[in-house]
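Chains, contacts and geometry: an overview
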Amino acid sequence: MIHTIDGIQFKQMVLHGAAAITLQKQQINDLNVFPVPDGDTGTNMSLTIGAAAAELRKSEPAAVGQAAAAAAGALLRGARGNSGVILSLLFRGLSKTLKGCDEADGPLLAAAMQEGVAAAYGAVMKPAEGTVLTVSRLAAKRAVEAAAENGDVEFVLSEAVRVGYEVLAQTTDMNPVLKKAGVVDAGGQGYLVILEGMLAALRGEPMPEMDEESAPKQPKADFNAFSAEEITFAFDTVFIVRKNDPDVNLTPLRSYLNSIGDSLVIGEDDEAFKVHVHTNIPGSALNEAQKFGTLELAKIENMRTQAEDLAAGRKVQSTDDLDEVEEQLESGCPEAAPAPEKPCGFLAVCAGEGLAAVFQDLGVDGIISGGQTMNPSTESILKEINRVPARTVFVLPNNKNIIMAAQQCVGLTDKEVIVVPTETIPQGITAMMNVDPELEPQELLKAMTGAIGSVTTAQITYAARNSDFDGFAISEGDYLALLEGKLFGTDRDINALLELLARQAGDKGAEFITLFYGENVTEEQAQAAQALFASHCPDAELSVLPGGQPVYYYIVSIE
């Protein structure tokens, strides 16, 4: 039996746990009862702990407190979805108890697990039984009991896992929805997969290996193989930054650069780091990098013009020609003044160019790309918050599975962060339509939140899996109609569901109806849907707009 663990062992345990859930994430996703293709539990938890694994790979922490702190910080910033946030809180509690400790024995680990449970319960407004909270609480309770029997870390963790699985099996009976579906709680399953992976590492078992064939490969530009039109990211950007802090965490920079380009490579030592990336906005890449140090050298070349020159047989221009070009250009152009800081700014989460345009027209300062199928992390939300030139930033998650991740940004920045609890796109739009810039922040929050109740949201999507849910026998690929987030109807004919929603809107006396149609819906199909609503709601003011959103064929705002 292993009696104590140090920082290196804790690091290996986290790496092992991350690998375990990555391999099983789809099985965990399949436990989700609601069949809508959303950012599922397994995916969210895997990406969240994956952030901790990536951070720990960059160091060799000797003390367990150091390793736990590094993991907790990365988990917090990488948290995705409600399940990811709860996972990050469980590890934050671990870190709090292990702070300053070189090693941890069984009783200390058990106390740390208890602290993690307290942090998770404290963050959830209405804790529900039969969830990851229940599993983690009773697993930690058993850990404390086991520590009194045997102080070995291995024994304590093995007992926590054993009892955790016993509790997990009972979650089916604790939750009526789980019982009807005949499955256990997905979040609880994910948490135990991670703990079991950590236990396997402690016992010296080999780490699960990913299939290298399925790993993503970074593309590289080949001017002889691609035309200028085929080059997605135009600017080959290379630069060197002198670090402000030898231990600076470059994970946020890596995430940002991956979001704006490809072919990313970052090399670093204690003093500096060098970046290579293909992007369409090299200036943004440089600006972001300067948050981590002082820019020393940069090279930016336009691969599209280089490809055109090569195809035409002309000399390919590069940064080697700068001296010659400089003689032909005027120098000394003043830099643009930074945007003045204003009292309040706004961020909205959405997916689809049309929806983004709507929010921007309403005065939103920034768009966080995400929503269904990919919940943005706390880190990505925080990055956009810091880019808004305002002292107070209102965040509209527009998805109930993103609200908790957004709330974790409070306290991570000098700005005041206010999360408006919008669960749908129509709620977010309605909230923005009720912004009064003359109000103080808390008064404005009250006005925006109060307006949310005036709008009803309907959506049409498809079933990602077979399910027996809320009285509906659902087959994978069925169209699903949702009303206020609840299943309202299912059919193999999307028009039948549109009619069902239109009739409901008519019965409720709707006065304003807006249809946002998705990326897989043609304009003609959207116009036909509008006509159908018009036939059932002849007195309503109807609008149809291209939302461009994935996953949802239609998002309907009804007032």
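Definitions and limits used
- Residues numbered from 1 in each chain as written.
- Predicted model: local features only at pLDDT ≥ 70, side-chain atom pairs only at ≥ 80, totals over all residues.
- Heavy atoms only, no water.
- Axes fitted to C-alpha atoms, helices over the stretch in contact; angles between N-to-C directions.
- Helix = DSSP H or I, 4+ residues; strand = E, 2+ residues; numbered from the N terminus.
- Left-handed = near helix turned anticlockwise from the far one by under 90°.
- Contact = heavy atoms within 4.5 Å.
- Nonpolar A, V, L, I, M, F, W, Y, C, P; charged D, E, K, R; others polar.
- Core = buried A, V, L, I, M, F, W, Y, C linked by side-chain atoms within 4.5 Å.
- Buried < 20%, exposed > 50% of the residue type's maximum accessible area, 1.4 Å probe, protein only.
- Expected span 1.5 Å × (residues − 1).
- Salt bridge = Lys/Arg side-chain N within 4 Å of Asp/Glu carboxyl O.
- Phe/Tyr/Trp six-rings, centres within 6.5 Å; stacked < 30°, edge-to-face > 60°.
- 1 Å grid on protein atoms, 1.4 Å probe; cavity = no way out; pocket = protein on both sides within 12 Å on 5 of 7 lines; lining within 4 Å.
- Points joined across faces, edges and corners; volume = space filled by probe spheres on them.

1. Quick word on the packing of helix 19 (residues 494–507) against helix 20 (residues 523–536)
Following both chains from N to C, one finds helix 19 and helix 20 inclined at 35°, their axes separated by 8 Å at the closest point. Two packed elements cross with a definite hand, and for helix 19 against helix 20 that hand is right-handed. Where helix 19 approaches helix 20, its residues N495, L498, E499, L501, A502, R503, A505 and G506 are matched on the opposing element by A529, L532, F533 and H536. Of the residues assigned to the contact of helix 19 with helix 20, the class counts are seven nonpolar, three polar and two charged.

2. Observations concerning the nonpolar core
Considering soluble globular proteins, one finds that nonpolar side chains tend to be buried as a cluster. F10, I49, F91, M113, M198 and I381 are the most contacted members of the largest nonpolar core, which has 85 residues in total. No other element matches the nine residues that helix 9 (residues 186–202) contributes to this core. Non-local contacts of F10, meaning those with residues more than four positions away in its chain, are made with I5, V64, A67, A68, A71, F91 and M198. Grouped together as the second largest cluster of nonpolar side chains are 31 residues, C344, I429, A431 and F469 included.

3. Some points on helix 6 (residues 132–149)
Given 3.6 residues per turn, any residue in an α-helix points the same way as the ones three and four places further on. Counted at 1.5 Å a residue, the expected span for helix 6 with its 18 residues is 26 Å, and the 26 Å between its end C-alpha atoms agrees. V132, L133, T134, V135, S136, A139, A140, R142, A143, A146 and A147 are the residues of helix 6 that are buried. On its buried face, helix 6 sits against helix 4 (81–98), helix 5 (106–123), helix 7 (153–174) and helix 9.

4. A look at the side chain of T378
Relative to the assigned elements, T378 resides in helix 15 (residues 378–387). For T378, a relative accessible area of 0% corresponds to the buried category. Setting aside chain neighbours within four positions, we find T378 in contact with L76, R77, A79, A405, Q408, C409 and L412.

5. Considerations on the pattern of salt bridges
Following the criterion strictly, the structure yields 18 salt bridges and no others. Note that E159 is salt-bridged to R162, the shortest N-O span being 2.8 Å. Remark: R162 and E159 occur in helix 7; sequence separation between them is three residues, near one turn of the helix. In this structure, R503 engages E499 in a salt bridge whose closest nitrogen and oxygen atoms are separated by 3.6 Å. Of this pair, R503 and E499 both sit in helix 19, four residues apart, which is roughly one turn of that helix. You can call E499 partly exposed: its relative accessible area is 29%.

6. Examining the packing of aromatic side chains
This structure, assessed with the given rule, holds three aromatic pairs. Between F346 and F394, the ring centres sit 5.3 Å apart and the planes meet at 25°, which makes this aromatic pair stacked. Of this pair, F346 sits in strand 5 (residues 342–350) while F394 sits in strand 7 (residues 390–396); the two residues are 48 residues apart in sequence, bridging distant segments of the chain. Relative to Y553, the ring of Y479 has its centre 5.4 Å away and its plane inclined at 70°; by these criteria the two rings are edge-to-face. Of this pair, Y479 sits in strand 12 (residues 479–483) while Y553 sits in the loop between strand 15 (541–546) and strand 16 (554–558), and the two are 74 residues apart along the sequence. Residue class for Y553 comes out buried when judged on its relative accessible area of 18%. The rings of Y462, Y479 and Y553 are connected pair by pair, giving a single aromatic cluster.

7. Some details on empty space enclosed by the protein
Per the stated rule, a full pass over the model turns up three cavities of 30 Å³ or more. Volume-wise, the largest cavity comes out at about 120 Å³. Along the wall of the largest cavity there are 13 residues; nearest its centre are L94, M113, Y191, L195 and M198. Looking at the lining of the largest cavity, the elements that each hand over two or more residues are helix 1 (7–29), helix 4, helix 5 and helix 9.

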